[in-house]
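Structural description and commentary
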Amino acid sequence: MLRTDYIVGESFLKTIEDVWSRYCHEMLLIRSIFLYLDRTYVLQTHEVLPIWELGLNLFNTHIMSSIDNQNRTVDGLLNLIEKERNGKHVDRKLLKNLLHMLSDLGLYQKIFEVKFFEITDNLYKVESQLLVDDLEISDYLKHINKRIGEEKDRLLHYLDCSTEKSLISAVEKYFIGDHIASILLKIDILFNESRMNDLRQFYSLVSKVDGHFQFCSYFEKFVEKKGIFIVTDLENERIMIQDLLDFKEEMYKFLNICFEKDVKYVSVFEKAFKLLVNKRPSKASELLAKYFNSKLQSGNKEDNEGELEDLICRAVDFLKYINDKDLFKAFYKKDLSKRLLFDSCSSIDAEKSVVSKLKLYNGSLFVLDMEVMFKDIERSKTLTATFNEDPSLSNFSSDVELSVNILTTEFWPSYPEMEINLPGEMAIHQDRFQTFYLMNHNGRKLKWHPFLSCCVLRANFPQGTKELRASLLQTIVLLLFNEGDCFTFEEIWNRTDIEYEVLKRTLDILACGKMKFLCKSPKCKDIGNKDKFFYNGCYKNKHFKININKLQMNKSQENMDTVSEIFQIREFHIDAAIVRIMKTRKSLLHSLLISELMNHLKFQVKLAHLKSRIENLIDREYLERDPNDYNLYHYVT
């Protein structure tokens, strides 16, 4: 019956299934009849096969040993599987029974699996090549997911479980492994539109085809490509730190949710992000200090207490990516000093929280100066209260209230020193406080810094009384107009003794800024020696309290001076490190000295600068070159 040519296709498979089913039924019947013989005699006689195995051998010999029957069976099975893969309905029970038959006969791997994987490879190789370019990335990933699901369903219903690993690996290989480069060219959209599920699926597939190297490389380039726009956008430089913090937070969402906190990807991001942050040397340090200042100074109404604490944590963590931490410290100290001295801190607890976190991340030495600054302010408040309660002042009546901050010089940022002419009553208060302080602190010396002082004035305008918060230099200029309505620039200069350029900036704020407390003649932006300044009787402002306190230094010049000061300090550190190494080693080759210096120094430094410092130490006779080897240095004792 099986050899008749008119039985083809699915009919042939059903015939085989019918024969196999009846044969199995009859074999079980025979085995039941001879069960005792099968369990006793056969077990004791090794050369005799059990009845069931003997029956399988006979079926194999007389039916499935035929190459024609094998081919027609396997081809029929593969044809049904192909139809199902193309979306058609097939008889899964027929497939299950025949594949189990081949497995029982020991023919599953031998005659079916080889051809099955051959057509599977051909199908998915061609299909992936067509779809990888035609489909949008999300649709492509959905199609892969669909194909994997279909194959797992076949494994569940009729394929042998031994096929699972190779089958699923084939789908992943042809759809992902062979086309990972093409897929990565289209994957930007998943990051840009935050398609978390698609990225999580892609990461999972990449893990199975060992494609982490390519994906990590792509992710590093993506971080650099997207981050470089933030770092080099000069028009939005003032929000660069906030943009970088938001960018880092966004990337960590991908790392945590999509990449399962994989250390390879975290390491790649950390490396790329650090390079981005330091793309513009010293700029990140300056802008991070400004970011802190904007969040910590009074007037910041955008953030509540909880939000502020979160921002502080994120900003302090951001510092670990900055190479020039010493430069950040210098800028931060400058801003902190202004907030403390001008009483413009939004919250002293927030200020101390920042310092405690900086201490935790960078060590106690990093914040030593700042901790002393806080102590100086607290001691100064106590000292001022004691001064105001001093019995010797009881006979001195004045409308002026004095508050003095005693600063420990070496722990505070340096500012320009200047001598100015204080108005009479203010000068008397200053002299009285100096006498009081020196009487209670023997051996100390006070040096006054008018540049860092501020005043609160009560100003009477025709439109009403206003309270002005001004710098001491602005105050001295404004008080002159109690003595007269008009003064020339030279008259103001001679009477106040304020430095020429500083006075020009002060008058520019008072007469040419947004709040014109003084009028100027002629009406132009430039200030000349012959210009005249008048009290502005028409000044109007709806607010009672007006803050005109502006530090009297050009901000860009101040930043340049800070950078210059830090670079000078760095030179001392480099010189000290070179001498310390050479004193220990006595003699050292140039390359080894440079290598040890790089390990010792905690800041970035260019090779040319190290060479320059070595030459400088040779000129100063701390080192000398070997007469026979130009690259060998000796320590000079």
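For the protein, an unreviewed UniProt entry supplies the name Cullin-4A and the organism Araneus ventricosus.

Here we look at a nonpolar patch on the surface
Residues Leu29, Ile30, Ile33, Phe34, Leu37 and Tyr41 make up a contiguous nonpolar surface patch of about 590 Å² in total accessible area. Ranked by residues supplied to the nonpolar patch, first place goes to helix α1 (residues 9-33) with 3 residues. For Leu29, the location among the structural elements is in helix α1.

Some thoughts on the packing of helix α16 (residues 283-296) against helix α18 (residues 325-341)
Running from N to C, α16 and α18 point in directions that differ by 25°, and their axes come no closer than 8 Å. When the axes of α16 and α18 are compared, the pair comes out roughly parallel. Seen along the crossing, α16 lies across α18 with a hand that is right-handed. Counted together, Ser285, Glu286, Leu288, Ala289, Lys290, Phe292, Asn293 and Leu296 of α16 and Leu327, Phe328, Phe331, Tyr332, Asp335 and Arg339 of α18 form the full contact between these two elements. In terms of residue class, the contact of α16 with α18 is made up of 8 nonpolar, 2 polar and 4 charged.

Looking at the sheet that holds strand β2 (residues 464-471)
What the 3 strands build is an open sheet, ordered β1-β2-β6; its pairing is mixed. Strands with a single pairing partner mark the edges of an open sheet, and in this sheet they are β1 (454-461) and β6 (545-547). Across the sheet, the mean angle separating the axes of adjacent strands is 25° when strand polarity is ignored. As judged from the 3 bridges shared by β2 and β6, these two strands associate in the parallel manner. Each residue of the ladder has a partner; that of Leu468, found in β6, is Ile546.

A few points about the side chain of Asp317
You can see Asp317 is positioned in helix α17 (residues 305-318). In this structure Asp317 comes out as buried when scored by relative accessible area, which is 15%. Every residue in contact with Asp317, bar those within four places of it in the chain, is listed here: Lys248 and Tyr361.

Looking at the pairing of strand β4 (residues 518-521)
Burial of the side chains of β4 is restricted to one face: Leu518 and Lys520 are buried, whereas none of Cys519 and Ser521 on the reverse face is. Here 4 bridges tie β4 to strand β5 (residues 532-535), and the two strands are oriented antiparallel to one another. Looking at β5, one finds that Ser521 is bridged to Lys532.

Structural notes on the side chain of Glu84
Structurally, Glu84 can be placed in helix α5 (residues 67-85). On the accessibility criterion, Glu84 (13% relative accessible area) is buried. With sequence-adjacent residues up to four places away left out, Glu84 is seen in contact with Val90, Arg92, Arg154 and Tyr158.

The rules behind the values
- Residues numbered from 1 in each chain as written.
- Predicted model: local features only at pLDDT ≥ 70, side-chain atom pairs only at ≥ 80, totals over all residues.
- Heavy atoms only, no water.
- Patch = residues over 30% accessible without salt bridge, like charges linked within 9 Å, V, L, I, M, F, W, Y side chains within 5 Å.
- Areas by Shrake-Rupley, 256 points an atom, 1.4 Å probe, with all protein chains shown as cover.
- Salt bridge = Lys/Arg side-chain N within 4 Å of Asp/Glu carboxyl O.
- Helix = DSSP H or I, 4+ residues; strand = E, 2+ residues; numbered from the N terminus.
- Axes fitted to C-alpha atoms, helices over the stretch in contact; angles between N-to-C directions.
- Parallel < 35°, antiparallel > 145°, perpendicular 65-115°, else oblique.
- Left-handed = near helix turned anticlockwise from the far one by under 90°.
- Contact = heavy atoms within 4.5 Å.
- Nonpolar A, V, L, I, M, F, W, Y, C, P; charged D, E, K, R; others polar.
- Pairing = 2+ DSSP bridges.
- Buried < 20%, exposed > 50% of the residue type's maximum accessible area, 1.4 Å probe, protein only.

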